[in-house]
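# Summary of the model geometry
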Amino acid sequence: MAHASSDALPALRSYLRTTAEIASCSSLLEWDLETYMPATGAEHRGRQLELLAGFVHDRATSGQLGELIEEAARTPEAQEEESPAAADLRETRREYDRQRKLPRRLVEELAKLTAEGRMAWVAAKRANDFGLFRPFLERIVALKREEAAAVGYEDHPYDALLGYYEPGETAAGLSKLFAPLRDRLADLVRRVVARSPAPLDDFLARGAPAAAQEAFSRKVAAEIGYDFAAGRLDLTAHPFCSTPGPSDSRLTTRWNEAAFLDGFYSVLHEAGHGIYEQGLPKEAWGTPCGQAASYGVHESQSRLWENFVGRSLPFWRRYAPLARECFPSAMRGVSVEALHASVNVVQPSFIRIEADEATYNLHIFLRFELELAMLSGDLAAADLPGAWNEAFRGMFDLTPPDDARGCLQDIHWSMGSVGYFPTYTLGNLYAAQLYAAARRELGDLDTRVARGEFAPLLQWLRERVHRHGKRYLPRRLVELATGEALDSSALLRHLEGRFSELYGI
Ligand code: ZN
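Residues numbered from 1 in each chain as written. Predicted model: local features only at pLDDT ≥ 70, side-chain atom pairs only at ≥ 80, totals over all residues. Heavy atoms only, no water.

Counting its regular elements, the protein contains 21 helices and 3 strands. For the protein, the share of sequence-separated contacts (at least 6 apart) that also reach a separation of at least 24 residues comes to 74%. Carbon and sulfur atoms make up 52% of the accessible area of the protein, which totals about 21900 Å². The positive charge centre, built from 58 side chains, and the negative charge centre, built from 71, are 2 Å apart in the protein. (Helix = DSSP H or I, 4+ residues; strand = E, 2+ residues; numbered from the N terminus. Contact = heavy atoms within 4.5 Å. Areas by Shrake-Rupley, 256 points an atom, 1.4 Å probe, with all protein chains shown as cover. Lys, Arg positive; Asp, Glu negative; His and termini not counted. Charge placed at Lys NZ, Arg CZ, Asp CG, Glu CD.)

Time to look at the sheet that holds strand β1 (residues 233-235). Read from one edge of the open sheet, 3 strands run β1-β3-β2, paired in mixed fashion. Only two strands of the sheet have a single partner each, and these edge strands are β1 and β2 (241-245). Sheet twist, expressed as the mean angle between neighbouring strand axes with direction ignored, is 30 degrees. Relative to strand β3 (residues 248-253), β1 runs parallel, the two sharing 3 bridges. Paired with L235 across the two strands is T253, which belongs to β3. With respect to the sheet, helix α1 (residues 8-35) is in contact with β1, β2 and β3, its orientation differing from that of β2 by roughly 140 degrees. Lying on the sheet, helix α11 (residues 262-279) is in contact with β1, β2 and β3; it crosses β3 at an angle near 165 degrees. (Pairing = 2+ DSSP bridges. Axes fitted to C-alpha atoms, helices over the stretch in contact; angles between N-to-C directions.)

Attention now goes to the coordination of the zinc ion. Protein-derived ligands of the zinc ion are H269 (NE2), H273 (NE2) and E299 (OE), with the metal-ligand distances lying across 2.2 to 2.4 Å. Linear spacing of the donor residues for the zinc ion on their chain is H-x3-H-x25-E. Separated by 30 residues along the polypeptide, H269 in helix α11 and E299 in helix α12 (residues 295-309) bring together distant segments of the chain. (Donors = N, O, S within 2.8 Å, 3.2 Å for Na, K, Ca; no water.)

A few words on the nonpolar core. Ranked by internal contacts, the top residues of the largest apolar core, which has 127 residues, are F216, L261, W305, F315, W316, F327 and L457. When we break this core down by domain, the ones giving at least three residues each are domain 1 (8-152) and domain 2 (171-503). The residues touching F327, leaving out its near neighbours within four places in the chain, are A208, A212, Q213, F216, F260 and L261. (Core = buried A, V, L, I, M, F, W, Y, C linked by side-chain atoms within 4.5 Å. Buried < 20%, exposed > 50% of the residue type's maximum accessible area, 1.4 Å probe, protein only. Domains from an automatic or database assignment.)

Mapping S217 onto the fold places it in helix α10 (residues 210-224). A distance of 2.7 Å separates the side chain of S217 from the backbone oxygen of Q213, its partner in a polar contact. The contacts of S217, once residues within four sequence positions are left out, are W255, F264 and V267. (Polar contact = N/O pair within 3.5 Å; in protein donor to acceptor, adjacent residues only side chain to side chain.)

The next subject is the domain arrangement of the protein. When the domains of the protein are assigned, the result is domain 1 (8-152) and domain 2 (171-503). Placing a centre on the C-alpha atoms of domain 1 and another on those of domain 2 gives a separation of 26 Å. Contact with domain 1, which involves 38 residues of that partner, is made by 42 residues of domain 2. Carbon and sulfur atoms make up 64% of the surface buried where domain 1 meets domain 2, a total of about 3500 Å² over both sides. (Buried area = accessible area lost by both parts, 1.4 Å probe.)

By the definition in use, this model includes 0 disulfides. Cysteine C25 is unpaired, with the sulfur of C241 as its nearest cysteine sulfur at 18 Å. (Disulfide = S-S within 2.5 Å.)

With that out of the way, let us pick up empty space enclosed by the protein. In this structure the tally under the stated criterion is 1 cavity of 30 Å³ or more. As a volume, the largest cavity reaches approximately 40 Å³. The class makeup of the residues in the lining of the largest cavity is 4 nonpolar, 1 polar and 2 charged. (1 Å grid on protein atoms, 1.4 Å probe; cavity = no way out; pocket = protein on both sides within 12 Å on 5 of 7 lines; lining within 4 Å. Points joined across faces, edges and corners; volume = space filled by probe spheres on them. Nonpolar A, V, L, I, M, F, W, Y, C, P; charged D, E, K, R; others polar.)

The end-to-end C-alpha distance of α10, which contains 15 residues, comes to 21 Å, matching closely the 21 Å that a straight helix rising 1.5 Å per residue would cover. Those residues of α10 that fall on the buried side of the exposure criterion are A212, Q213, F216, S217, V220, A221 and I224. Projected onto a plane normal to the axis of α10, the buried residues spread over an arc of 155 degrees and lie on a single side. Each element contacted by the buried residues of α10 is listed here: α11, α12, α13 (313-326) and α19 (455-464). Count one or two residues on from α10 and you reach G225, which has phi positive near 130 degrees. (Expected span 1.5 Å × (residues − 1). Arc of directions from axis to C-beta.)

Okay, the pattern of salt bridges next. Two side chains bearing opposite charge may form a pair once their charged atoms approach each other closely. Under the criterion given, the structure shown has 38 salt bridges. A salt bridge links R94 to E91; the shortest N-O distance between them is 2.7 Å. In this pair, R94 and E91 are both assigned in helix α5 (residues 84-101), 3 residues apart and thus about one turn of the helix distant. Salt-bridge contacts for E441 lead to R464; the nearest nitrogen and oxygen are separated by 2.6 Å. Separated by 23 residues along the polypeptide, E441 in helix α17 (residues 422-442) and R464 in helix α19 bring together distant segments of the chain. Residue classification places R464 among the partly exposed residues on the basis of a relative accessible area of 24%. Several salt bridges converge on common partners, so that one network encompasses E95, R98, K144 and E147. (Salt bridge = Lys/Arg side-chain N within 4 Å of Asp/Glu carboxyl O.)

What follows is the structure in structure tokens.
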């Protein structure tokens, strides 16, 4: 086999970087659209984004990129297993093949349908009328099946869609991973619910001025390691983290003046995303090795800081004094123990995004099973509300009072994001296993957290996770970081430990 010239890899990477530079302009324009753009700018902004999306799509599917990939694939570096070059090739080729296999007609039809579908979903949710969304959901599922067929799969059409969010995963692999968790968690929730009274959490509904919440949140985010010199915090309707460049990763949030810790927990979550972005290797920016490993790994970083650190007793030992300073009236008469118990109340509810750590994954399993059934054709979109409510009853012994609090609550399917939901639970699983390994290796992590010493944990995550970008597939990354294959035992130990202690079960 003839070896390619030695500049084949740099040429490929330089091409990818230029594409990423164009895409990063879109990301900045989108950030501006959500934060500061006057509403009157919407039409022009739409044209700008469409133009850039066209440039990115042309470059991502060009014959030139195909040639660069082939040339780079013949270099000796690319033959080395698990080398950065092999990873860049693996990821670039997967995305290139996927894009090339999708007929232009399908891409355009999906873009149009999901734009309309999103609006129909908003209207249906507001009117609490599934009928308004049903025809769109039917079309979206049909087109997603077409997409899966075009991309190709071995076992289940779901696999073709899942690979976009979580490379290497399959429906069968997830079902196997989730099954033991599903039963044990349902059992844990039943035991917790049977145990009354629940810890009191009414003081969480005490208010505080936005300025105080912002001061508290900024201080904590900076102490755990989010670098404000390379980031920002702004206000949006829905919190997110956006990264328009290698040294520019921004957070947004909203303040709820009627509940003093709401905004803080969303900042902590988004700061976890931002810290990950800030730890990706800058020299590899724009290439796969400079990008987050997957949606699930991204979510593991936000949840590690939000839940594993931020809802622990040592964390509140550290931050209760600051909370008392920032929120003197909301914190009046509230002990550290009461605060800790209150941010961990387990309460089965209809809404996923309001769910606690114990019930959250059950909401995901329900969606995962329904997505699988819709995609395989076993469940017609028209039958979704009934199937949803039946599954919900089976899980929580509760019946959603209406579809707005049932199958219409999430935006994902209206946007064509089928296969996305499992990444939330994968994030919890990765986070649990990473945090357990960090505890083993770093000695007394609780004492460090109680002292506000977060650097060792951050350094550990930088070393084991952040610096690798997409070099390894998610399961491999977690295995290398923790020394163990991914399974649900660490998450179960964490949840059963935390809630049996709090609830005395
Ligand atoms: Zn997140």
